[in-house]
Amino acid sequence: MSFNHIVLQNILRDKWTYVSYFLSSMFSIIIFFLFSVIVFHPSLKSLDPDSTLGITLMLASMLVYLFSFIYITYSIMAFLRKKTKTLGIFMITGASMKQIRKLIFRENLFIGILAIMAAIVLGLVITPLFLMGAKVVLKAETFGMYLPLQAIGLTIGLFLILFIVISKVVTKFINKEASIQLLKSDTVIEKSIQPHYILLAVSSVMTVMLAYILKIEHAVVESLGVIYYFLFFASILCTIYFVITQGFRLFLIMFEKSPAYLRKTNMLLASNLNAKMKSHANMLFLITILLSGVFLCTSILFSSYYNVKKDSEENYPYSFQYIADPKVNADMVKKDLDYLETKLATVEANKYFIEFKSNEDQRLGYMALSDYNLLLQQDNDLRKDEFIAVAGSRGVLPITQNASDKYIKSFKLANINEQNLLSTGFQNSYFIVPDDIYQAIDYPVYKTYIYELDNWSAHTALANTITEDIPSLPEQRYFTSKIDLYNTEMFIKSVMFFIGSMLSLIFLSAAMSILYFYLQTTLMQEKNKYIGIRKLGLSKKELATIIAKELAILIFVPFTLAITLLLTTLVAMRAMVSTAFLQVSIASSCCFFVLFLISYFFIRKSYFKRLVN
């Protein structure tokens, strides 16, 4: 019998262990492959790799690969734990450590190559359907099927390297001490969680302090830069870990002292949870972190859809805005306006002409009250010594200090308008003054032509044509369109939503796979234990009750903690996000709860069936 034959027989005789490892690896590879199909799609070839979208796609690819690396490493480690008994038998029969490492390396490499091949084939089968979905999400006009040679080559290359590296590195952890542990694996008793209340308090206080600094002391955050965010992230992880481990320990202590402890099968349940307290707590922590990533990612990206139209209107208030520079040739302005009139002749549009004067050194605009009222369709009034301060950029308060101003230094501030008046950032602020005062101001005049269309978001093609034919030219004309901005932002948000959905899918599947592997690795130990207890009189119904409660803790406690973290983040960011965030969060949480409920019933039935057979 050759060594390769032993490897093959070892796989075939324990096929269910290898199938779960193979399926989890294949799923990760399929996600990466489908993502690569989108990244290398011919429709995105014109995308600038240095643009925000290009960088986002590149970083997302790296993130998917990095997470696949971590996830597959975890799968291999879980797989090795499941194989402890088999490896122990090999060692007893005289196999050397070199042969054991060689066996594990070849097995992993074999499974890895099979997973890559299966993922590529299955990925190619579902790619047309996936591209159709991506076309809808990305609102792309053409997103047809193509032969993704680059995606195939990249997936094969990267994951082959990944399996070789991981298989080689993981085998280094098998040594003589480990072999003794492997042989005794069935009788190993877990250490219980020790009380660490001081560490819990320190970690919690540090997290609260760092959160407070993030909200109040922006200067400190900017000075520390990446270090601050790393500390904040690490402190959050530590706090969650200590809350789960110490909370789990306290819960069991309190439960054992309560009257409910002696009712029905609660004593057996508590005993089982006590025996696996540490591994259960670690599992709860891992799943909580993954689910928190899924919930936050999904809620933020979904809610971003709802804000695109509102953000576009706040940044660029008008369908088309044409500002002529004071130094521009008048013939050029006339030609541009004639072109606009021609293009807009077939649609319903309200047209306005206003002007403002600008202190170009300080980028302060001065506008007559009559023009201001015309833009807002209001009837504001000002005394001769009053002015209104209006924001020049979205989200930035207008300048109100006029003590050093050449024309209105003695004026009183009558009102503040925080709503952006013209295209964001063109001027720092606007001072609205009475018409006669405006006439006396001696600054360059910027003539502004505004066109507001009915149902403006429906004129995408028209906006694309006009913005291509009349681009902004410095010191000549400044042309903006909220329709064009809306289309650009919608495309970016669609791509980010697509990326976020892929990452959420990976996180969610990883959470369920980790739980599945955990149950698989402890199945034989649990089976032997319950066989012994059943001989003492435990019925199948009572066993089912214990299993149901234990699985409910492993599935719904992380879900509850992740939802709590999401709501806490929502409250902390309430000033930065729209009300749509809350609606989307509640809707997505309900969807996830239904998915988890279905998963719970499926896992409970499957696990119980394997446990009693």
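Residues numbered from 1 in each chain as written. Predicted model: local features only at pLDDT ≥ 70, side-chain atom pairs only at ≥ 80, totals over all residues. Heavy atoms only, no water.

The name given to the chain in an unreviewed UniProt entry is ABC transporter permease, with the source organism recorded as Lysinibacillus irui. The UniProt entry for the chain carries the following comment under Sequence similarities (unreviewed entry): "Belongs to the ABC-4 integral membrane protein family." (UniProt positions renumbered as here; feature names shortened; annotations may be inferred.)

### Overview of the pattern of salt bridges
Taken as a whole, this structure holds nine salt bridges when the rule is applied. Its salt-bridge partner being glutamate 550, residue lysine 276 comes within 3.1 Å of it at the nearest N-O pair. Highlighted residues: lysine 276 in the loop between helix 11 (266–275) and helix 12 (277–315) and glutamate 550 in helix 19 (residues 540–572), separated in sequence by 274 residues. Note on accessibility: lysine 276 and glutamate 550 belong to one class, buried. Arginine 394 is the salt-bridge partner of glutamate 314, the closest N and O atoms lying 2.7 Å from each other. Placement of the pair is glutamate 314 in helix 12 and arginine 394 in the loop between strand 4 (386–391) and strand 5 (412–417), with a sequence separation of 80 residues. With a relative accessible area of 30%, glutamate 314 lands in the partly exposed category. (Salt bridge = Lys/Arg side-chain N within 4 Å of Asp/Glu carboxyl O. Helix = DSSP H or I, 4+ residues; strand = E, 2+ residues; numbered from the N terminus. Buried < 20%, exposed > 50% of the residue type's maximum accessible area, 1.4 Å probe, protein only.)

### Description of the packing of aromatic side chains
Scanning all chains against the criterion turns up 27 aromatic pairs. With a centroid separation of 5.3 Å and an interplanar angle of 70°, the aromatic rings of phenylalanine 32 and phenylalanine 159 are classed as edge-to-face. You can see phenylalanine 32 sitting in helix 2 (residues 15–39) and its partner phenylalanine 159 sitting in helix 6 (residues 149–171), a full 127 residues away along the chain. Residue phenylalanine 32 is classed as buried on the basis of its relative accessible area, which comes to 2%. According to the relative accessible area criterion, phenylalanine 159 is buried, its value standing at 0%. Plain terms: the ring middles of phenylalanine 295 and phenylalanine 559 are 5.5 Å apart, the flat faces sit at 85° to each other, and that makes the pair edge-to-face. Of this pair, phenylalanine 295 sits in helix 12 while phenylalanine 559 sits in helix 19, and the two are 264 residues apart along the sequence. Relative accessible area serves as the criterion here: at 8%, phenylalanine 559 is assigned to the buried category. The rings of Phe295, Phe556, Phe559, Phe593, Phe596, Tyr600 and Phe601 are connected pair by pair, giving a single aromatic cluster. For lysine 357, the ring lying beneath its charged end belongs to tyrosine 438, and the centroid distance is 4.5 Å. (Phe/Tyr/Trp six-rings, centres within 6.5 Å; stacked < 30°, edge-to-face > 60°. Lys NZ or Arg CZ within 6 Å of the ring centre and 35° of its normal.)

### Here's the deal with helix 16 (residues 460–469)
Buried residues of helix 16: Leu462, Ala463, Ile466 and Thr467, and no others. The arc enclosing the buried residues of helix 16, seen along the axis, measures out at 120°, which places them on a common side. Within helix 16, the exposed residues directed more than 90 degrees away from the buried face are Ala461 and Glu468. Tucked inside the fold, the buried residues of helix 16 contact strand 1 (320–324), helix 13 (330–343), strand 7 (445–453), strand 8 (477–480) and helix 17 (482–521). (Arc of directions from axis to C-beta. Contact = heavy atoms within 4.5 Å.)

### Regarding the pairing of strand 6 (residues 429–433)
For strand 6, the tally of buried residues reaches five of five residues, placing the bulk of the element in the interior. Relative to strand 6, strand 4 is paired through four bridges, and the arrangement is antiparallel. Bridge pairing links alanine 391 to serine 429 in strand 6. (Pairing = 2+ DSSP bridges.)

### Some points on unusual backbone geometry
Unlike most non-glycine residues, arginine 363 shows phi in positive territory, near 50°. By the element assignment, arginine 363 lies in the loop between strand 2 (349–359) and strand 3 (364–368). Notably, glutamine 377 is not glycine yet its phi reads approximately 55°, a positive angle. Looking at where glutamine 377 falls in the secondary structure, it is placed in the loop between helix 14 (369–376) and strand 4.

### Regarding the sheet that holds strand 2
Across the sheet, eight strands lie side by side as 5-4-6-3-2-7-1-8; this open sheet has mixed pairing. The strands lining the two open edges of the sheet, one partner per strand, are strand 5 and strand 8. Neighbour to neighbour, the strand axes of the sheet diverge by 25° on average, direction disregarded. Note: strand 2 against strand 3, four bridges, orientation antiparallel. Looking at strand 3, one finds that serine 358 is bridged to glycine 365. (Axes fitted to C-alpha atoms, helices over the stretch in contact; angles between N-to-C directions.)

### Some details on the pairing of strand 7
Of all nine residues in strand 7, seven are buried, a share of seventy percent or more. With five bridges connecting them, strand 1 and strand 7 associate as antiparallel partners. Each bridged residue has a counterpart across the sheet, and for tyrosine 322 the counterpart in strand 7 is tyrosine 449. Here strand 2 pairs with strand 7 via nine bridges, running antiparallel. Directly across from phenylalanine 353, in strand 7, lies its bridge partner tyrosine 449.

### A look at the environment of tyrosine 229
Along the chain, the position of tyrosine 229 falls in helix 10 (residues 226–257). The partly exposed category is assigned to tyrosine 229, whose relative accessible area is 46%. Remark: the alpha-carbon pair of tyrosine 229 and leucine 214, spanning 15 residues in sequence, is separated by 9.3 Å.

### A few points about the packing of helix 13 against helix 16
Relative to each other, helix 13 and helix 16 sit at 170°, their axes nearing to 11 Å. Between helix 13 and helix 16, the interaxial angle falls into the category roughly antiparallel. Crossing hand, helix 13 versus helix 16: right-handed. Contact with helix 13, carried on its side by Tyr339, Leu340 and Lys343, involves Leu462, Thr465, Ile466 and Asp469 of helix 16 and no other residues of that element. Looking at the contact of helix 13 with helix 16, its residues break down into four nonpolar, one polar and two charged. (Parallel < 35°, antiparallel > 145°, perpendicular 65-115°, else oblique. Left-handed = near helix turned anticlockwise from the far one by under 90°. Nonpolar A, V, L, I, M, F, W, Y, C, P; charged D, E, K, R; others polar.)

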